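Chains, contacts and geometry: an overview
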Amino acid sequence: MEKPAIILIRNAQRFDFGGGERFPVFVSQAIQDRYTPIIISRSPRLIEYAANEGIRVVRGLWWSNQQWSGIRLALFPVYILWQFILTCWYLVAFLRLHPRAVHIQSKDDFIGATFAAKILGITVVWTDHADLKHIWRNLRLWYKNPVGKWVYVAAHLANSITVISRSEQSEVTAHLPKHSQVKSRILMVNNGAPDVRDQYTTITGGAFTFCSTNRLVRDKGIGEMITAFQQFN
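This section reports on the structure supplied with the text. What you are looking at is a predicted structure, and each value in this text was computed from that prediction instead of being measured. (Residues numbered from 1 in each chain as written. Predicted model: local features only at pLDDT ≥ 70, side-chain atom pairs only at ≥ 80, totals over all residues. Heavy atoms only, no water.)

1. Some details on the overall build of the chain
A tally of helices and strands in the chain yields eight helices and seven strands. Taking the principal axes of the C-alpha coordinates as reference, the chain spans close to 65 × 50 × 35 Å. Across the 233 residues of the chain, 39% fall into the buried class. Looking at the chain alone, contacts between residues at least 24 apart form 64% of all its contacts between residues at least 6 apart. (Helix = DSSP H or I, 4+ residues; strand = E, 2+ residues; numbered from the N terminus. Buried < 20%, exposed > 50% of the residue type's maximum accessible area, 1.4 Å probe, protein only. Contact = heavy atoms within 4.5 Å.)

2. Side note on the packing of aromatic side chains
Under the definition given, this model contains 12 aromatic pairs. For the pair F110 and W126, a centre-to-centre distance of 4.2 Å together with 20° between the ring planes defines the contact as stacked. A residue pair is termed long-range when its members are at least 10 positions apart, and F110 in helix α4 (residues 107-119) and W126 in strand β5 (residues 123-127) qualify at 16 residues. Taken individually, F110 and W126 each receive the classification buried, so the pair is uniform in this respect. Each ring, one from W142 and one from Y143, has its centre 5.5 Å from the other, and the planes form 80°; the classification is edge-to-face. (Phe/Tyr/Trp six-rings, centres within 6.5 Å; stacked < 30°, edge-to-face > 60°.)

3. Side note on the pairing of strand β6 (residues 160-163)
Alternating residues of β6 divide into S160 and T162 and I161 and V163, and every residue in both groups is buried. Bridging between β5 and β6 involves three bridges; their strand directions are parallel. Of the residues in β6, the one forming a bridge with V125 is S160. The sheet contact formed by β6 and strand β7 (residues 186-188) spans three bridges and is parallel. Bridging from a neighbouring strand, I161 pairs with I186 of β7. With helix α7 (residues 166-173) bridging β6 and the parallel β7, this β-α-β connection has right-handed handedness. (Pairing = 2+ DSSP bridges. Right-handed = clockwise from strand over helix to strand, strands pointing away.)

4. Regarding the sheet that holds strand β1 (residues 5-9)
The parallel open sheet is built from seven strands, whose spatial order is β3-β2-β1-β4-β5-β6-β7. The open sheet is flanked by β3 (56-59) and β7, the only strands paired with a single partner. Direction aside, the axes of adjacent strands within the sheet are offset by 25° on average. By the bridge criterion, five bridges tie β1 to strand β4 (residues 99-104) in an arrangement that is parallel. Counterpart to I9 in the pairing with β4 is I104. The sheet contacts of helix α1 (residues 19-31) involve β1, β2 (36-41), β4 and β5, and relative to β2 the element is tilted by about 170°. (Axes fitted to C-alpha atoms, helices over the stretch in contact; angles between N-to-C directions.)

5. Things to note about the pattern of salt bridges
As enumerated under the stated definition, the model contains three salt bridges in all. Taking the shortest distance from any N to any O, the salt bridge between R10 and E21 comes out at 2.6 Å. Taken together, the residues R10 in the loop between β1 and α1 and E21 in helix α1 connect sequence positions 11 residues apart. Grouping residues by exposure puts R10 and E21 together as buried. The salt bridge involving E168 is made with K133; its shortest N-O contact spans 3.3 Å. (Salt bridge = Lys/Arg side-chain N within 4 Å of Asp/Glu carboxyl O.)

6. A short note on unusual backbone geometry
The phi dihedral of A130 falls on the positive side, at around 65°, and the residue is not glycine. Structurally, the position occupied by A130 is in the loop between β5 and α5 (132-135). A130 sits in the partly exposed class, given a relative accessible area of 24%. Positioned with a positive phi, N145 is a non-glycine residue whose angle comes to about 55°. Structurally, N145 can be placed in the loop between α5 and α6 (146-155). A relative accessible area of 21% means that N145 is categorised as partly exposed.

7. Looking at a nonpolar patch on the surface
Side chains of L81, F84 and I85 sit close together on the surface and give an oily, nonpolar patch of about 320 Å² of accessible area. Locating L81 in the fold gives a position in helix α3 (residues 76-97). (Patch = residues over 30% accessible without salt bridge, like charges linked within 9 Å, V, L, I, M, F, W, Y side chains within 5 Å. Areas by Shrake-Rupley, 256 points an atom, 1.4 Å probe, with all protein chains shown as cover.)

By themselves, these observations are geometric and do not establish any function.
Next comes the structure, spelled out in structure tokens:
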């Protein structure tokens, strides 16, 4: 019997390739005994990585322009056209691949892939890689952040939205209206990590080394980390 398909969608800038971009491959490996995972992405590095791990990949659509603020708001009708094209593309892809569920993990796809999936009656799950707390800023100001407002509308169609920590859940929901129905769809699912409590060592003296396990880029808060570490001196 053929296993039902699950589509995982993740896009990012070409220079981004960290845990969030590897995540759909990890999920695919975890579910492939019961399902047929299919990753849709435009990221060359994710496509290569998934293919090397034996995961089926479909090259999707993605627009590298992710900033729609300031003077670029005048071009927002172009973004609406882009979302129409993206939704149509996903409609065709879903009709061809027949997924049981769609797992979406990037901003533009939160809109286009969600609308396409719900038109076809497909279950939709979002995973937030620490993006929604930025995407949903200024939701209550009518003249700001039209893309974020559109993502918020699409969120009402998602069956569930997973975040990776309680702090992330708190930051995301802080931008939502007080009685928003979207809050009931947000679930906290911790990132997995091995239990290493039996490996703790008490430091009694000598030098202490601070370390960071994330990529050394500004968006990961390296500057804030260095400032925090310096306060221990």
